[in-house]
Amino acid sequence: LFFLYQLGFASAAVTISSGAVTGRIAPHPYVLFAMIFTGVIYPLVAFTVWHPEGLLYGRFTDFAGGVVVHGAGAAAGLAGAILIGPRIGYNGYDPLDLGPERLFRIASSHAPHNKPLAALGVFLLWLGWFGFNGGTLLAGGAAPSATGEAATLSLGALMDGFGLIAVNTALAPCAAVMTTYLLQTFRQRDLDIFDLLNSVIAGLVAVTAGADVLSPFGAMAAGAGGAIIYLAARALMIRASVDDPVGAVAAHGFTGVFGAACVAVTAGDQWAMAAARQAGYGMAILGAVFFASLIAFKLADVMAKIFALFLGEISLRTAFRKSVLRAPLESEIQGLDEEIHGQDAYNFQTMR
């Protein structure tokens, strides 16, 4: 049961990274990277924090993976986004010298194509998060071993703990989205659905590390702070021209570290020192995952080249000179659905 639960965490983490590189990464190198990440990088991070023999076990508190899962996925996505580069048209990126008019049309196509479907996805994530956080209470798969009255008391304590986690998981994203709503109302008037939806995610990530110990008011504070951290990080990513199409790094990475620091409120008078320690360990973990992911992407590039050589898709000379991490630029313009699958993702043809 524990293995199955961690398998779900590993798949969640690598899925986060996919959002930051979507739209331009080649499929085979990404599959290879995912194998390396889920088979090596994530297990090492989880062992370090959650296993009794891990280096940070008992030193760094992360109840359900605000840093171990979400932060690690975001750090991997950031490494990939920097390594692969932005989509054509993002902040004026024009490697093919397409000209301003065509570049503008391509950049306009980067806007989310289906916001209602995106909203449905966020609500499904929110629903799943109750299992994500609440299920961690039984992550070891152990049932109470006591019998009789002791077993009843143990089960009661278990349900109280689960209840607190569930309430916090409900309140934090509410506080986050309301914070973004108020900021947008007073600053720009227009309510940006992209940031509102990602604020829900940011609030959920911010409460994940301390869902079992924060009070409901503490959870709301963490969610509100997570929304502010997300908005600031998103603006920083855009300013740095790091293309993250779904805002995965801002919503999962920076907020994960912030949420870990929020756990320090349980440390009493020593909260400032505990918060600094939590944030420091969190940043150290993300830094390690970032550099490990850079290596993993490079290994995936080499492995993909070897496969391409055997298939006769590239020459030996090309393999030495060119990375295959990124899909061909012409294919990116045409659409990777046609390039990879030989099919259109959306068929708008109608019968007449």
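Since we're looking at a predicted model, the values are computed, not measured.

Engineer: Describe the overall build of the chain, with residues and values.
Structural biologist: Scanning the chain for helices and strands turns up 13 helices and zero strands. Beginning at the N terminus, the succession of helices and strands in the chain can be written as α-α-α-α-α-α-α-α-α-α-α-α-α. For 352 residues, the compact-globule formula gives about 20 Å, and the C-alpha radius of gyration of the chain, at 22 Å, lands near that figure. Counting across all 352 residues of the chain, residues that qualify as buried make up 43%. Taking all contacts inside the chain whose residues are at least 6 apart in sequence as the whole, residues at least 24 apart take part in 75%. Working note: accessible area of the chain is about 18600 Å², and carbon and sulfur atoms make up 67% of it. Within the chain, one finds 18 positive and 22 negative side-chain charges whose respective centroids are separated by 9 Å.

Engineer: Break down the side chain of Asp243 for me, citing the residues and quoting the values.
Structural biologist: Counting through the fold element by element, Asp243 comes out in the loop between α8 (216-239) and α9 (248-262). Within polar-contact distance, the side chain of Asp243 engages the side chain of Arg87 at 2.7 Å. In contact with Asp243, other than residues within four places in its own chain, are Ala20, Arg24, Ala81, Pro86, Arg87 and Tyr90.

Engineer: Would you mind going over the confidence of the model for the chain in detail, with residue names and values included?
Structural biologist: Averaged over every residue, the pLDDT of the chain is 90; residues scoring 70 or more account for 93%. A low-confidence stretch, residues 140-147 stays under pLDDT 50, and its non-local contacts, those more than four residues away or across chains, total four contacts.

Engineer: So what's going on with the packing of α9 against helix α10 (residues 271-311)? Residues and values would help.
Structural biologist: At a closest axis distance of 7 Å, the pairing of α9 and α10 adopts a crossing angle of 150°. One way to sum up the angle between α9 and α10 is to call them roughly antiparallel. Every pair of crossing elements has a handedness; the one defined by α9 and α10 is right-handed. Contacts from Gly253, Val257, Ala260 and Ala261 of α9 reach α10 at Ala275, Gln278, Ala279, Gly282, Met283 and Leu286. The class makeup of the residues in the contact of α9 with α10 is seven nonpolar, three polar and no charged.

Engineer: For the packing of helix α7 (residues 193-208) against α9, give the residues involved together with the corresponding values.
Structural biologist: A pair of packed helices is characterised by two quantities: the angle between their axes and the separation of those axes. Where α7 contacts α9, the axes come no closer than 8 Å and their chain directions differ by 35°. The chirality of how α7 crosses α9 is right-handed. When α7 is examined against α9, the residues Asn198, Ile201, Ala202, Val205 and Ala206 are found in contact with a partner set consisting of Ala251, His252, Thr255, Gly256, Phe258 and Gly259. Its residues assigned to classes, the contact of α7 with α9 shows six nonpolar, five polar and no charged.

Engineer: Any details on the side chain of Thr136? Residues and values, ideally.
Structural biologist: Tracing the backbone through its elements, the reader meets Thr136 in the loop between α5 (115-134) and α6 (148-187). Residue classification places Thr136 among the buried residues on the basis of a relative accessible area of 12%. For Thr136, the side chain forms a polar contact with the main-chain oxygen of Phe132, separated by 2.8 Å.

Engineer: Give a description of the nonpolar core that names residues and reports values.
Structural biologist: Membership of the largest hydrophobic core comes to 61 residues, with the highest contact counts inside it found for Tyr30, Phe33, Phe37, Tyr42, Phe60, Ile285 and Val289. Among the secondary structure elements, those contributing two or more residues to this core are α1 (2-21), α2 (27-50), α3 (66-84), α5, α7, α8, α9 and α10. With 11 residues, the single largest contributor to this core is α2. Filtering out sequence-adjacent residues up to four positions away, Tyr42 remains in contact with Gln6, Phe9, Ala10, Ala13, Phe37, Trp50, Val68 and Val69. Counting residues in each nonpolar core, the second largest holds six residues, with Ala172, Val207, Leu214 and Ala219 among its members.

Engineer: I'd like to hear about the packing of aromatic side chains, residue by residue, with values.
Structural biologist: Enumeration over the complete set of coordinates arrives at nine aromatic pairs. Here the aromatic rings of Phe60 and Tyr281 are separated by 6.4 Å at their centres, their planes lie at 75°, and the arrangement is edge-to-face. Of this pair, Phe60 sits in the loop between α2 and α3 while Tyr281 sits in helix α10; the two residues are 221 residues apart in sequence, bridging distant segments of the chain. Note on Phe60: relative accessible area 4%, which makes it buried.

Reading guide: rules and limits
Position numbers for residues start from 1 in each chain and track the written sequence from start to end. With pLDDT at 70 or above as the cut-off, local features in this predicted model cover only qualifying residues; side-chain atom pairs require 80 or more to be listed or tallied, and sums for whole chains, interfaces and linings still use all residues. As a convention, hydrogens and water are excluded, and side-chain values are obtained from all of the structure's heavy atoms. By the criteria applied, helices consist of DSSP H or I runs no shorter than four residues and strands consist of E runs no shorter than two, each listed in order from the N terminus. For a compact globule the rule gives 2.2 Å times the number of residues to the power 0.38, and the radius of gyration it is set against comes from C-alpha atoms. Accessible area is worked out with a 1.4 Å probe on protein chains only. A residue is then buried under 20% of its type maximum, exposed over 50%, and partly exposed in between. Throughout, a residue-residue contact means that at least one pair of heavy atoms, one from each residue, lies within 4.5 Å. Values of accessible area rely on a 1.4 Å probe in the Shrake-Rupley scheme; residue burial ignores everything except the protein chains shown. The charge count treats Lys and Arg as positive and Asp and Glu as negative. His and the chain ends do not count. Charged side chains are reduced to one point each, which is NZ for Lys, CZ for Arg, CG for Asp and CD for Glu. Distance and chemistry together define a polar contact, namely a pair of N or O atoms within 3.5 Å, with one atom able to donate a hydrogen and the other to accept it when in protein, and with adjacent residues in sequence counting only for side-chain atoms on both sides. Scored from 0 to 100, pLDDT reflects the predictor's confidence in each residue. Axis definition: a line fit to C-alpha positions, over the contact stretch in the case of helices; interaxial angles, taken between N-to-C directions, run 0 to 180 degrees. Convention used here: angles under 35 degrees read as roughly parallel, angles over 145 as roughly antiparallel, angles from 65 to 115 as roughly perpendicular, and any remaining angle as oblique. When the near helix sits turned anticlockwise from the far one by under a right angle, the crossing is termed left-handed; a clockwise turn instead gives a right-handed crossing. Put simply, Ala, Val, Leu, Ile, Met, Phe, Trp, Tyr, Cys and Pro go in the nonpolar bin, Asp, Glu, Lys and Arg in the charged bin, and everything else, Gly too, in the polar bin. Among the buried residues, those of types Ala, Val, Leu, Ile, Met, Phe, Trp, Tyr and Cys that are joined through side-chain atoms within 4.5 Å form a nonpolar core. Stacked, tilted and edge-to-face are the three classes assigned to paired rings of Phe, Tyr and Trp, where Trp is represented by its six-membered ring and a pair needs centres within 6.5 Å; plane angles under 30 degrees give stacked, over 60 edge-to-face, the rest tilted.

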